[in-house]
Amino acid sequence: MTVHKFAVNDEFILLDVNSGSVHVLDAAAYKIMDIFDGENDSAVITAFAPEMGESVVGEILAELHALMDSGTLFCPELEAPPVFAEKPVVKSLCLHIAHDCNLRCGYCFAGTGDFGHGRSLMSPETACRAVDFLLENSGSRRHAELDFFGGEPLMNFSAVQSAVSHVRRREAETGKIFKLTLTTNAVLIGEPVLQFLNRENIALVLSIDGRRSVHDNMRPFADGTGSYDTVVKNMHRVVDSRDGRNYYARGTYTAYNTDFAADVLALADEGFTQLSVEPVVGKDEPYELTEKHLPELYRQYELLAAEYLRRRENGNSFDFFHFNVDLENGPCLAKRLSGCGAGHEYFAVTPEGDLYPCHQFVGRDEFRMGSVFTGLEQSGLSEEFRQAHVLTKQECRECWAKFYCSGGCHANAQAFNGDIHIPYKLGCALQKKRLECAIAVQVGLKRLRKGCL
């Protein structure tokens, strides 16, 4: 598929898949693109001249051919760049600082924090060794990324402190620059912790699911009581302390709140402006999303897109992660093909130092790839992940969204299909819808900047 056309909130949009060019059409041109393939002008005239008039159809065809001549319509298929034949460098690690948690989230893929292998904490020595492993395998790349994860990483704050201290020493020794992130439920962010996180410029992903009832239903404490009040109070302290920057409030929506746009807007109304809400991934669970939910979920994304633009116009905007699509200066082709780099550029590290392709593979023993002490042991599996990009997956090659979703999540593909090369279909459907909405939002923002909205 080389072009994709869609309508969102009264915008008629055409995406040229291979060039990434986005064209805003009128209703007539949108109809003509049902059959126009670049070489069938006479068929188009025969089909639409009685309705639109031959001169109108001729003008539209001339404009479409001009786009073809400029290389922004029916652009040829792309080939994988040579980088995929080169030895990969490790760019990022996810440190499982704590396989334990103080919440009992109903949808937790980590089994309430222990990943099915018992509760444990990463030692400071292992955390520091992970930093060294990243540096030793980062090649000439100057920038490195480290995410402190769990369970709840602040249940092992001393190891976080040790790792950060080691990072700063190694930055001075090597000239490398680390981007540090910590994903937390925000329950344990007291003043000393907050001062440390701010002083070290650690970006925060703060987990909250939206409205009080939704959040408390799925994210209670171990005793069953709701965590919403504690989380919101601490989140406000965090956001206020860093002037509303360097954080994301990240939620999960489930079958219990298919009206998730209301949760995004509730967070915005609470004063949190950097927002991300993801669909739950579940199998044979009461909260799981299925195909029957798709029409409502599609409607919610369109509602959210319209409200996003309305609030931007009125000066009370928020930022929604999945609407942030750069249509002009996006990622390079290699990044668009491979996405997160799981299993070859990005690894998760367990408290014991074992390496897995990503945080969602932890606990699936067949995907243990080595350790930070002994190095990468399954080079063949790593190469399989490296070559599992959108141009090698049949379903992805034929998909219009391939250069934006990068083939979807390997862990979800393996969990649902037993094969990292076969995408998780529900995830694909939702990804495509929110991408359509994201492109429509970017069109709307461009109109707004021009004073046309």
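Residues numbered from 1 in each chain as written. Predicted model: local features only at pLDDT ≥ 70, side-chain atom pairs only at ≥ 80, totals over all residues. Heavy atoms only, no water.

Student: Quick rundown of unusual backbone geometry? Include the residues and the values.
Tutor: With an omega of 15°, the peptide bond running from glycine 150 to glycine 151 counts as cis. Locating glycine 151 in the fold gives a position in the loop between β7 (143-149) and α5 (157-174). Non-glycine residue aspartate 284 carries a positive phi angle of around 60°. Tracing the backbone shows aspartate 284 in the loop between β11 (274-279) and α10 (294-314). The phi angle at serine 406 is positive, at roughly 60°, despite the residue not being glycine. Residue placement: serine 406 occurs in the loop between α14 (402-405) and α15 (410-417). (Helix = DSSP H or I, 4+ residues; strand = E, 2+ residues; numbered from the N terminus.)

Student: An account of a nonpolar patch on the surface is requested, with residue identities and associated values reported.
Tutor: A cluster of nonpolar side chains, contributed by Leu121, Met155 and Leu188, occupies part of the molecular surface with about 240 Å² of accessible area. The topology assignment puts methionine 155 in the loop between β7 and α5. (Patch = residues over 30% accessible without salt bridge, like charges linked within 9 Å, V, L, I, M, F, W, Y side chains within 5 Å. Areas by Shrake-Rupley, 256 points an atom, 1.4 Å probe, with all protein chains shown as cover. Salt bridge = Lys/Arg side-chain N within 4 Å of Asp/Glu carboxyl O.)

Student: Please provide a residue-by-residue account of the side chain of glutamate 11, values included.
Tutor: By secondary structure assignment, the location of glutamate 11 is in strand β2 (residues 11-16). Residue classification places glutamate 11 among the buried residues on the basis of a relative accessible area of 13%. A distance of 2.8 Å separates the side chain of glutamate 11 from the side chain of arginine 447, its partner in a polar contact. Once residues lying within four places of it in the same chain are set aside, the contact partners of glutamate 11 are Phe6, Val24, Val443 and Arg447. (Buried < 20%, exposed > 50% of the residue type's maximum accessible area, 1.4 Å probe, protein only. Polar contact = N/O pair within 3.5 Å; in protein donor to acceptor, adjacent residues only side chain to side chain. Contact = heavy atoms within 4.5 Å.)

Student: Outline the packing of helix α6 (residues 191-199) against helix α8 (residues 228-241), supporting the account with residue identities and numerical values.
Tutor: Put simply, α6 and α8 touch, their axes get as near as 11 Å, and they point 35° apart. In the packing of α6 onto α8, the handedness of the crossing is right-handed. Where α6 approaches α8, its residues Glu191, Leu194 and Asn198 are matched on the opposing element by Arg237, Val238 and Ser241. Its residues assigned to classes, the contact of α6 with α8 comprises two nonpolar, two polar and two charged. (Axes fitted to C-alpha atoms, helices over the stretch in contact; angles between N-to-C directions. Left-handed = near helix turned anticlockwise from the far one by under 90°. Nonpolar A, V, L, I, M, F, W, Y, C, P; charged D, E, K, R; others polar.)

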